Amino acid sequence: MSQKFWVVVPAAGSGRRMGSDIPKQYLPLNGRTVIEWTLSRFVEHPRIAGVVVAITDGDPYWQDLGFKHPALMTASGGVERCDSVLKALQQLKQVAAIDDWVLVHDAARPCLSRDDLDHLLDELKDHPVGGLLGTPISDTVKQTNASSEVIGTPDRSQLWRAFTPQMFHLQMLTDALVDAARAGKVVTDDASAMELAGFRPKMVKGRATNIKITQPGDLQLAELYLKQLNREEQAK
Ligand code: CTP
Ligand code: MG
């Protein structure tokens, strides 16, 4: 039997940088909330066995949404993103096999295209480690010191922006995140934990429009990208 694909969606952040009254995953976007667009990409996908979303305990916004689907389970959130992911992975262990694939995807990335998702599954399903979606950097990049003085220009031909989903085996990712936490490292993505464990995740090129809504202007951008994506996908 081949390995199944599961999805973990960390959605227990407070959206500090967004500065809105409600956490950014609950902001309205083209007639639904951000998190509903994100979750619907996965729960309606025939290759995805199930989805675990990590939600802050007692989160009133999640309860108000009433989002339900047979493929959807919930877990508690944690202090940092990596804690929320770990809690969701523990939950997943009750239904998934240890070598099944897990795709971790930010709730705040509602513009993932179906093509990118399918491409990621196909590119990595036979890979020994797994990997992540991203895009090559197109701007020249500068490295600075603490006084914002430029001290270097790294070769951008090997630099990428790291997106999600990030896809790894359930047990390998769990072990890597636990080890990172024990070492006192707060990793901001799952690939970083795998790298710390000595693995080399594979970068898979995806669309630059798979943005993470982080700051106020990002919501308008996501509106545009999502409209374009929905038009494209309906035309198929
Ligand atoms: N996240 C989470 N648990 C946390 C922190 C973040 O599940 N303790 C989730 C967020 O809800 C988001 C994703 O991880 O979907 C990416 O994190 P980020 O963009 O940093 O979101 P926030 O932490 O909410 O935003 P900020 O850092 O600006 O406060
Ligand atoms: Mg954060």
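Residues numbered from 1 in each chain as written. Chains lettered and ligands numbered in written order. Predicted model: local features only at pLDDT ≥ 70, side-chain atom pairs only at ≥ 80, totals over all residues. Heavy atoms only, no water.

Chemist: So, the packing of helix 1 (residues 34–43) against helix 7 (residues 218–235): which residues are in play, and what are the values?
Modeler: At a minimum axis distance of 12 Å, the contact between helix 1 and helix 7 shows a crossing angle of 35 degrees. At the point where helix 1 passes helix 7, the crossing takes the left-handed sense. Facing Val34, Trp37 and Arg41 of helix 1, the residues of helix 7 in contact are Leu219, Leu226, Leu229, Asn230 and Glu233. Counted by class, the contact of helix 1 with helix 7 contains five nonpolar, one polar and two charged residues. (Axes fitted to C-alpha atoms, helices over the stretch in contact; angles between N-to-C directions. Helix = DSSP H or I, 4+ residues; strand = E, 2+ residues; numbered from the N terminus. Left-handed = near helix turned anticlockwise from the far one by under 90°. Contact = heavy atoms within 4.5 Å. Nonpolar A, V, L, I, M, F, W, Y, C, P; charged D, E, K, R; others polar.)

Chemist: Talk me through the site of ligand 1; I want residue IDs and the actual numbers.
Modeler: Taken together, 19 residues are adjacent to ligand 1, and Gly15, Arg16, Lys24, Ser84 and Lys212 come closest. Contact distances for ligand 1 include 2.8 Å between an oxygen atom and a side-chain N or O atom of Lys24. Here a nitrogen atom of ligand 1 and a backbone polar atom of Val79 are 2.9 Å apart. Across the complex, the protein chains shield 89% of the 560 Å² of accessible surface that ligand 1 would expose by itself. In terms of residue class, the shell around ligand 1 is built from six nonpolar, six polar and seven charged. (Near = heavy atom within 4 Å. Polar contact = N/O pair within 3.5 Å; in protein donor to acceptor, adjacent residues only side chain to side chain. Areas by Shrake-Rupley, 256 points an atom, 1.4 Å probe, with all protein chains shown as cover.)

Chemist: Pulling in residues and values, what's your account of helix 1?
Modeler: Burial of helix 1 is extensive: 10 of the 10 residues sit out of reach of the surface. Taken together, the buried positions of helix 1 are occupied by Val34, Ile35, Glu36, Trp37, Thr38, Leu39, Ser40, Arg41, Phe42 and Val43. (Buried < 20%, exposed > 50% of the residue type's maximum accessible area, 1.4 Å probe, protein only.)

Chemist: Hey, could you go over the nonpolar core for me, with residue numbers and the actual values?
Modeler: Generally speaking, nonpolar side chains in soluble globular proteins are found buried as a group. Of all hydrophobic cores here, the largest spans 29 residues; its most connected members are Ile35, Leu39, Val51, Val53 and Trp62. Of all the elements in the fold, those that place two or more residues in this core are strand 1 (5–10), helix 1, strand 4 (48–55), strand 6 (101–104), helix 4 (114–124) and strand 10 (160–169). With 26 residues, the next largest nonpolar core counts Trp6, Val8, Leu89 and Met194 among its residues. (Core = buried A, V, L, I, M, F, W, Y, C linked by side-chain atoms within 4.5 Å.)

Chemist: Describe the pattern of salt bridges, with residues and values.
Modeler: For the structure shown, the criterion picks out 10 salt bridges. Note that Asp122 and Arg47 form a salt bridge whose closest N and O atoms lie 2.8 Å from each other. Of the two residues, Asp122 sits in helix 4 while Arg47 sits in the loop between helix 1 and strand 4, which places them 75 residues apart along the sequence. Asp126 is paired through a salt bridge with Lys125; the nearest N and O atoms lie 3.9 Å apart. Look at the salt bridges and you will find they share partners, linking Arg47, Arg114, Asp118 and Asp122 into a network. (Salt bridge = Lys/Arg side-chain N within 4 Å of Asp/Glu carboxyl O.)

Chemist: Can you break down the sheet that holds strand 5 (residues 72–76) residue by residue, with the values?
Modeler: Read across the sheet, seven strands follow the order 5-4-1-6-10-7-11 without closing on themselves; strand pairing throughout is mixed. Two strands close off the open sheet at either side, each with one partner strand: strand 5 and strand 11 (202–205). Neighbour-to-neighbour, the strand axes of this sheet turn through a mean angle of 30 degrees, independent of strand direction. Relative to strand 10, strand 7 (residues 130–136) runs antiparallel, the two being bridged by six bridges. (Pairing = 2+ DSSP bridges.)

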